[in-house]
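Topology and contacts: notes
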Amino acid sequence: MRPSAKNFDDPDELIELPGLLEQVVEIGGFAVAREELAPGWRWSQDVRPAIGGDWCEVGHVGLTMSGRWGVAMKDGATMEFRAGDVFEVPAGHDSWTIGDEPCVTMDWTPVSGPPAS
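Anyway, here's the lowdown on the structure attached to this text. (Residues numbered from 1 in each chain as written. Predicted model: local features only at pLDDT ≥ 70, side-chain atom pairs only at ≥ 80, totals over all residues. Heavy atoms only, no water.)

This part covers the overall build of the protein. Counting its secondary structure elements, the protein contains two helices and nine strands. Starting at the N terminus and ending at the C terminus, the protein contains elements arranged as β-β-β-α-α-β-β-β-β-β-β. For 117 residues, the compact-globule estimate of 2.2 N^0.38 gives 13 Å, and the C-alpha radius of gyration of the protein, at 14 Å, lies within 12% of that figure. With respect to the principal axes defined by its C-alpha atoms, the protein has extents near 45 × 25 × 25 Å. Each of the 117 residues in the protein was classed as buried or not, and the buried ones make up 36%. The contacts in the protein between residues at least 6 apart in sequence include a share of 54% that link residues at least 24 apart. Of the roughly 7,000 Å² that the protein leaves accessible, carbon and sulfur atoms contribute 53%. Once the 8 positive and 20 negative side-chain charges of the protein are each reduced to a mean point, those two points are 3 Å apart. (Helix = DSSP H or I, 4+ residues; strand = E, 2+ residues; numbered from the N terminus. Rg over C-alpha atoms; globule rule 2.2 N^0.38 Å. Buried < 20%, exposed > 50% of the residue type's maximum accessible area, 1.4 Å probe, protein only. Contact = heavy atoms within 4.5 Å. Areas by Shrake-Rupley, 256 points an atom, 1.4 Å probe, with all protein chains shown as cover. Lys, Arg positive; Asp, Glu negative; His and termini not counted. Charge placed at Lys NZ, Arg CZ, Asp CG, Glu CD.)

Here's what the structure looks like:
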């Protein structure tokens, strides 16, 4: 196996929704997403209309690079994250930015099939 690299300047997938820019690269068996969330962004207001459902049903493991954001789970539990926080958020949540600056996160999700290179 040889080393490989990809760059968010040329992502495998680009997702743009109100208040959300997500760049995704697949490498080493993972989809790695860089998300920039605008101030005032909220999953239930800005993403749900495009994909449906009551809650985000994707689990997330990642790192908050800058800004702050919050999450509420189906059971009512809440948590806030800030720059430097490594997080795990299970499926079944709503999330939103906190404050007046964008929030940037990196998110790693295993992909099925052979690793992309």
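Take the nonpolar core next. Core analysis: the largest hydrophobic core is formed by 13 residues, its most contacted members being Trp-41, Trp-69, Val-71, Phe-81 and Val-89. If you list the elements that add at least two residues to this core, you get β5 (68-73) and β7 (86-89). Dropping the residues within four chain positions of it, Trp-41 is found in contact with Pro-18, Gly-19, Leu-20, Asp-46, Val-47, Ser-95, Trp-96 and Thr-97. (Core = buried A, V, L, I, M, F, W, Y, C linked by side-chain atoms within 4.5 Å.)

What follows covers the sheet that holds strand β4 (residues 60-66). Backbone hydrogen bonds are what pair the strands of a sheet, in a parallel or an antiparallel way. One open sheet accounts for six strands, arranged β1-β2-β3-β9-β4-β7; its pairing is antiparallel. On the outer flanks of this sheet lie β1 (13-17) and β7, each paired with one strand and no other. Averaged over all pairs of adjacent strands, the angle between their axes in this sheet comes to 25°, without regard to strand direction. With five bridges joining them, β1 and strand β2 (residues 20-27) adopt antiparallel strand pairing. By the bridge assignment for β2, Leu-14 is matched with Gln-23. (Pairing = 2+ DSSP bridges. Axes fitted to C-alpha atoms, helices over the stretch in contact; angles between N-to-C directions.)

Glancing now at the sheet that holds strand β6 (residues 78-82). The sheet built from three strands is open, its strands ordered β6-β5-β8 with antiparallel pairing. Where the open sheet ends on each side, the last strands, each with one partner, are β6 and β8 (93-98). On average, each strand axis in the sheet is inclined to that of its neighbour by 20°, with strand direction left out of account. Taken together, the five bridges between β5 and β6 define a ladder with antiparallel strand orientation. Residue pairing across strands places Gly-70 opposite Glu-80, the latter belonging to β6.

With respect to the helices and strands, the residue Arg-48 is situated in helix α2 (residues 48-51). On the basis of relative accessible area, Arg-48 is assigned to the partly exposed category, the value being 29%. Once residues within four sequence positions are removed from consideration, Arg-48 is found in contact with Trp-43, Gly-53 and Asp-54. In terms of polar contacts, Arg-48 uses its side chain to reach the backbone carbonyl oxygen of Ser-44, at 3.2 Å. (Polar contact = N/O pair within 3.5 Å; in protein donor to acceptor, adjacent residues only side chain to side chain.)

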